[in-house]
Amino acid sequence: QVQLVESGGGLVQAGGSLRLSCAASGRTFGSYAMGWFRQAPGKEREFVSGINWSGGSTDYADSVKGRFTISRDSAKNTVYLQMSSLKPEDTAVYYCAAALSHYLPLRNKYAYWGQGTQVTVSS
């Protein structure tokens, strides 16, 4: 099993930046991909970004391409989401996720989830 804990959320003005972190712990079996999802008030959870085990392949939702960067430090079992040029529409609870896959999984195949961290972007 994989335990995921997000941190780094908060309140930021539009145009600002935040860096989210997700630390994985517990019993991890084999290689795993990691990613970020978000859920805004009144909306369904949506995929934001994913990264494979080695960090060599990434996937981004169109809405965040060019603004967000995902990375991971496998030695620390941590994935990051650097968010820049933040917009009010980025406001959401951001969830870290993991999938038992060496490669980038399909966006609906993430099986482990963190509790979420709130990101609020003011106008």
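Our structure is the block above this text.
A. Fine view of the nonpolar core. Formed by 34 residues in total, the largest nonpolar core has its most connected members in L4, M34, W36, L81, M83 and Y94. The set of elements that each furnish at least two residues to this core consists of β3 (18-25), β4 (33-39), β5 (46-51), β7 (68-73), β8 (78-83), β9 (92-99) and β11 (117-122). With six residues, the top contributor of residues to this core is β9. Beyond its immediate chain neighbours, meaning those up to four positions away, L4 contacts C22, A23, A24, M34, C96, A97, A98, Y112, W113, G114 and Q115.

B. A look at the packing of aromatic side chains. Evaluation of the coordinates by the stated rule reveals three aromatic pairs. Here F37 and Y110 contribute two aromatic rings whose centre-to-centre distance is 5.3 Å and whose plane-to-plane angle is 75°, an arrangement assigned as edge-to-face. Here Y110 lies in the loop between β9 and β10 (112-113) and F37 lies in strand β4, a separation of 73 residues in the sequence. For the pair F37 and Y110, one class covers both residues: buried. On the numbers, 4.8 Å between centres and 65° between planes, the contact of F37 with W113 is edge-to-face.

C. Representation of the side chain of R72 within the structure. Mapping R72 onto the fold places it in strand β7. Of the side chains with opposite charge, D73 lies nearest to the buried R72, which makes no salt bridge, at 8.0 Å. Within the structure, the side chain of R72 is placed 2.9 Å from the backbone oxygen of Y32, a separation counted as a polar contact. In contact with R72, other than residues within four places in its own chain, are Y32, A33, M34, I51, N52, W53, G55, T78, V79 and Y80.

Each value, and the rule that gives it
Residues numbered from 1 in each chain as written. Predicted model: local features only at pLDDT ≥ 70, side-chain atom pairs only at ≥ 80, totals over all residues. Heavy atoms only, no water. Core = buried A, V, L, I, M, F, W, Y, C linked by side-chain atoms within 4.5 Å. Buried < 20%, exposed > 50% of the residue type's maximum accessible area, 1.4 Å probe, protein only. Helix = DSSP H or I, 4+ residues; strand = E, 2+ residues; numbered from the N terminus. Contact = heavy atoms within 4.5 Å. Phe/Tyr/Trp six-rings, centres within 6.5 Å; stacked < 30°, edge-to-face > 60°. Lys, Arg positive; Asp, Glu negative; His and termini not counted. Salt bridge = Lys/Arg side-chain N within 4 Å of Asp/Glu carboxyl O. Polar contact = N/O pair within 3.5 Å; in protein donor to acceptor, adjacent residues only side chain to side chain.

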